[in-house]
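Breakdown of the fold
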Amino acid sequence: MSWTDFYRRRDALDAVLDAASDDPAAPLTFDHDLFATEDELLAALHYRWMQQLTGRLGVALEDAAGDRVETVTHTWRALAAEQPVLRAVLDEHLTAQDAVEREQRLLALTAGLADLTEPSDEIAKVGAAFLALVRNAPRAKAPARHRRLAKSA
């Protein structure tokens, strides 16, 4: 793929997400010269999500001194909050089970909830359960910070 093709595909993905911002569940409109099928488009969108997630998980785990589960949870949620349209489009349209399971396995393994010696389908099940908790569990409130007000002169 040339740089020109790369930028055309990147811009096309951005256009899809821009068009989907009002209604991520609506049928996706895309350039059929760049993506032959909706599945090909969704694979490219999922690849974008996974690139960002994998990179952020790597940095977060390197910087974290605490609980891996909490680090992975926070990282996934932060990316979903930063890329809400991308996440919503994937949630609404991505049906490729292998792509979904790839993300689930990544989360389970990265959080330390599964081990590579376990069967792949079991790792995906653990990841699916973990992801359901990440999506649906209430978020912990940040501790309230009190500050003293300076006396006025």
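Structural data are supplied above this passage.
Residues numbered from 1 in each chain as written. Predicted model: local features only at pLDDT ≥ 70, side-chain atom pairs only at ≥ 80, totals over all residues. Heavy atoms only, no water.

This part is about the overall build of the protein. Within the protein, the secondary structure is distributed over 6 helices and 0 strands. Tracing the protein from N to C terminus, the helices and strands come up as α-α-α-α-α-α. Relative to the 2.2 N^0.38 estimate, which gives 15 Å for 153 residues, the radius of gyration of the protein is 19 Å and therefore markedly larger than a compact globule would have. In the protein, buried positions account for 33% of the 153 residues. Within the protein, counting contacts between residues at least 6 apart in sequence, those at least 24 apart form 64% of the total. Looking at the protein as shown, the accessible area adds up to about 10100 Å², and 53% of this sits on carbon and sulfur atoms. Taken as two groups, the 18 positive and 25 negative side-chain charges of the protein have centres that lie 13 Å from each other. (Helix = DSSP H or I, 4+ residues; strand = E, 2+ residues; numbered from the N terminus. Rg over C-alpha atoms; globule rule 2.2 N^0.38 Å. Buried < 20%, exposed > 50% of the residue type's maximum accessible area, 1.4 Å probe, protein only. Contact = heavy atoms within 4.5 Å. Areas by Shrake-Rupley, 256 points an atom, 1.4 Å probe, with all protein chains shown as cover. Lys, Arg positive; Asp, Glu negative; His and termini not counted. Charge placed at Lys NZ, Arg CZ, Asp CG, Glu CD.)

Okay, the packing of helix H2 (residues 38-63) against helix H3 (residues 68-82) next. Two elements in contact, H2 and H3, have axes separated by 10 Å at closest approach and are oriented at 140°. Classified by the interaxial angle, the pair formed by H2 and H3 is oblique. Read as a crossing pair, H2 and H3 show a hand that is right-handed. Taking contact as the criterion, the partners of Trp49, Gln52, Leu53, Arg56, Leu57, Ala60 and Leu61 in H2 are, on H3, Arg68, Thr71, Val72, Thr75, Trp76, Leu79, Ala80 and Glu82. Its residues assigned to classes, the contact of H2 with H3 shows 9 nonpolar, 3 polar and 3 charged. (Axes fitted to C-alpha atoms, helices over the stretch in contact; angles between N-to-C directions. Parallel < 35°, antiparallel > 145°, perpendicular 65-115°, else oblique. Left-handed = near helix turned anticlockwise from the far one by under 90°. Nonpolar A, V, L, I, M, F, W, Y, C, P; charged D, E, K, R; others polar.)

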